[in-house]
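A structural walkthrough
Okay, here's what each chain looks like letter by letter:
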Amino acid sequence: MKTLHIKTATCDSHIICGEGAFQSEIPSLCEGLTFTVTDSNVYKLYRNIFDDIFSKSGSVYVIPAGEKSKNYNVLLGILKAMLSAGLKRNSTVFAVGGGVVGDICGLAASLYMRGVKLVQVPTTLLSQVDSSVGGKTAIDLCGVKNIVGTFYQPGTVVVDPMFLSTLPAREIRCGLGEIIKYGALNKDIYVKLIENKNNLRSPEFLKDITFDCIQHKAEVVRRDERESGLRKTLNLGHTTGHAFELYYKRKSHGEFVLIGMYYELFIAVKRGICAAEYADSLIQLIKKVINIPAYEDAEKACLMAVYDKKNVCAAEVSLIVPAEAGRCEELRLPVDEYAAEIAQCALKIREDKQ
Ligand SMILES: NC(=O)c1ccc[n+]([C@@H]2O[C@H](COP(=O)([O-])OP(=O)(O)OC[C@H]3O[C@@H](n4cnc5c(N)ncnc54)[C@H](O)[C@@H]3O)[C@@H](O)[C@H]2O)c1
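Because the structure is a prediction, the values reported are computed rather than measured. (Residues numbered from 1 in each chain as written. Predicted model: local features only at pLDDT ≥ 70, side-chain atom pairs only at ≥ 80, totals over all residues.)

Accessible area lost when the parts come together is the quantity often used to give the size of an interface. Assigned domains within the protein chain: domain 1 (2-167) and domain 2 (171-353). One C-alpha centre belongs to domain 1, the other to domain 2; they are set 26 Å apart. The interface is formed by 26 residues belonging to domain 1 together with 27 residues belonging to domain 2. When contributions to the side of domain 1 that touches domain 2 are tallied by element, the ones reaching two or more residues are strand E1 (2-7), strand E2 (12-17), helix H5 (125-131) and strand E8 (144-148). (Domains from an automatic or database assignment. Contact = placed C-beta atoms within 7 Å. Helix = DSSP H or I, 4+ residues; strand = E, 2+ residues; numbered from the N terminus.)

Moving on: the packing of helix H7 (residues 187-195) against helix H8 (residues 203-223). It is at 10 Å that the axes of H7 and H8 come closest, and there the two elements cross at 160 degrees. Comparing the axis directions of H7 and H8 gives the class roughly antiparallel. Crossing hand, H7 versus H8: left-handed. Here H7 contributes Asp 188, Ile 189 and Lys 192 to the contact with H8, which in turn contributes Ile 209, Asp 212, Cys 213 and His 216. Residues of the contact of H7 with H8, tallied by class, amount to three nonpolar, one polar and three charged. (Axes fitted to C-alpha atoms, helices over the stretch in contact; angles between N-to-C directions. Parallel < 35°, antiparallel > 145°, perpendicular 65-115°, else oblique. Left-handed = near helix turned anticlockwise from the far one by under 90°. Nonpolar A, V, L, I, M, F, W, Y, C, P; charged D, E, K, R; others polar.)

Attention shifts here to the environment of Asn 198. When you line up the elements, Asn 198 lands in the loop between H7 and H8. Between the C-alpha atoms of Asn 198 and Gly 326, which are 128 residues apart in sequence, the distance is 21 Å.

So, on to the site of the ligand. The ligand sits among 32 residues. The nearest are Asn 41, Gly 98, Gly 99, Thr 124 and Ser 131. Only helix H2 (40-53), helix H4 (99-111), H5, E8, helix H6 (169-185) and helix H10 (253-270) provide two or more residues apiece to the shell around the ligand. Grouping the constituent residues of the shell around the ligand by class yields nine nonpolar, 15 polar and eight charged. Counting contributing residues, the shell around the ligand receives three or more from each of domain 1 (2-167) and domain 2 (171-353). (Near = placed C-beta within 6 Å.)

Our next topic: the environment of Asp 51. Relative to the assigned elements, Asp 51 resides in helix H2. The sequence separation of Asp 51 and Gly 106 amounts to 55 residues, and the corresponding C-alpha distance is 21 Å.

We now examine the nonpolar core. Counting 95 residues, the largest nonpolar core has Ala 95, Cys 105 and Cys 302 as the members making the most contacts within it. For this core, the element with the most residues is H10, which contributes eleven residues. In terms of domain composition, this core takes at least three residues from each of domain 1 (2-167) and domain 2 (171-353). If we skip the residues at most four places from it in the chain, Cys 105 touches Val 37, Ile 78, Val 93 and Ala 95. (Core = buried A, V, L, I, M, F, W, Y, C linked by C-beta atoms within 7 Å. Buried ≥ 20, exposed ≤ 12 C-beta atoms within 10 Å, placed from the backbone.)

What follows concerns the sheet that holds strand E5 (residues 92-97). In space, the seven strands of this open sheet follow the order E1-E2-E9-E6-E5-E3-E4, with mixed pairing throughout. Bordering the open sheet on either side are E1 and strand E4 (58-63), each of which pairs with just one other strand. Averaged over all adjacent pairs, the angle separating strand axes in this sheet is 15 degrees, with direction ignored. The sheet contact formed by strand E6 (residues 117-122) and strand E9 (residues 156-159) spans two bridges and is parallel. By the bridge assignment, Val 119 is partnered in E9 with Thr 156. In the packing of H4 onto the sheet, the strands contacted are strand E3 (34-39), E4, E5 and E6, and the crossing angle to E5 comes to about 165 degrees. Strand contacts of H8: E1, E2 and E9, with the helix running at about 15 degrees to E1, the strand carrying the most contacts. (Pairing = 2+ DSSP bridges.)

Looking now at the pairing of strand E11 (residues 327-334). Bridge count for strand E10 (residues 316-324) against E11 is eight bridges, and the pairing is antiparallel. Residue pairing across strands places Leu 319 opposite Leu 331, the latter belonging to E11. Between E10 and E11, which pair antiparallel in sequence order, lie two residues; one of them, Gly 326, sits at a positive phi of approximately 85 degrees.

Structure, rendered in structure tokens:
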């Protein structure tokens, strides 16, 4: 079992990662009254195990699967259920699911009685490599992603690759989106990705790279918990990715991160921030996972970026772009220049496809 510890002024978080971690670690964390949130898909698959482990010490609350659940009605439902279950400040809340469950349940745990103990048990590749670590919680509001939330660190994160065995191929693809993002931020991860580019989906490779990504994120969170500087780098690909996610909706978060990275790499190369050869190696990885759409209305779609909370100034957008292996840069662009370059990228993709 591999372990990590994140300690900051406000955070003391233990991460336990490895095959069998769920069965070996969870029972000892079920002290006192517990309250477990999961989603309908995960519950269907793991009901027997959950009933066995969680139902002895408390109740299991199931929310509908999918991003549509990240709203205030579902949040209120969780909070009311916590109250009816008689949760006290020394009770423990378990978020067992993907990033959606982790984000909304984390938010509920941070609000209930001004904060109760939280354990994150990520069950998707994306949540294992990224969202379960670092303490960001959120719901969406009026179509704006993650606009209402808190920083609230889980006391423990239990990462067990067992859960990946039931993941649909698409969800593996989404997780690979965030993993390739880490490859653009961390040279060692980049090298591993290049060496395994024909093997990206193998369970052994995913198990190994998951811990590397968590380690990278843990280091970033240790140094900049509240995203005043370094943590912003984790938003690589996310400005355009989130804008397209808001506009087109059809794909999911990790897929849009890859699409965002592709479009933003085009801008980085055009502006001489990133060498074409290095960009090309990242593009080859991206294309192993997803076909990049040549959006007809990319220029309009990317304007959704001004609604992103990362862009404090409505006249400019901020992009985190790869510069060289292990280094990225922040690029701030006037909105009209940004939209024009995104449109050029879409045109280039269309031409290349002909
Ligand atoms: N807090 C953060 O730092 C952070 C970082 C990145 C992303 N996010 C958020 O995470 C969310 C995306 O997370 P996600 O991709 O995990 O989505 P998700 O939680 O919607 O899970 C994706 C799908 O997989 C299903 N699923 C989950 N575990 C499964 C399993 N073991 N077997 C089979 N099916 C399973 C779910 O029911 C769902 O249908 C977004 O809302 C995004 O904003 C948060």
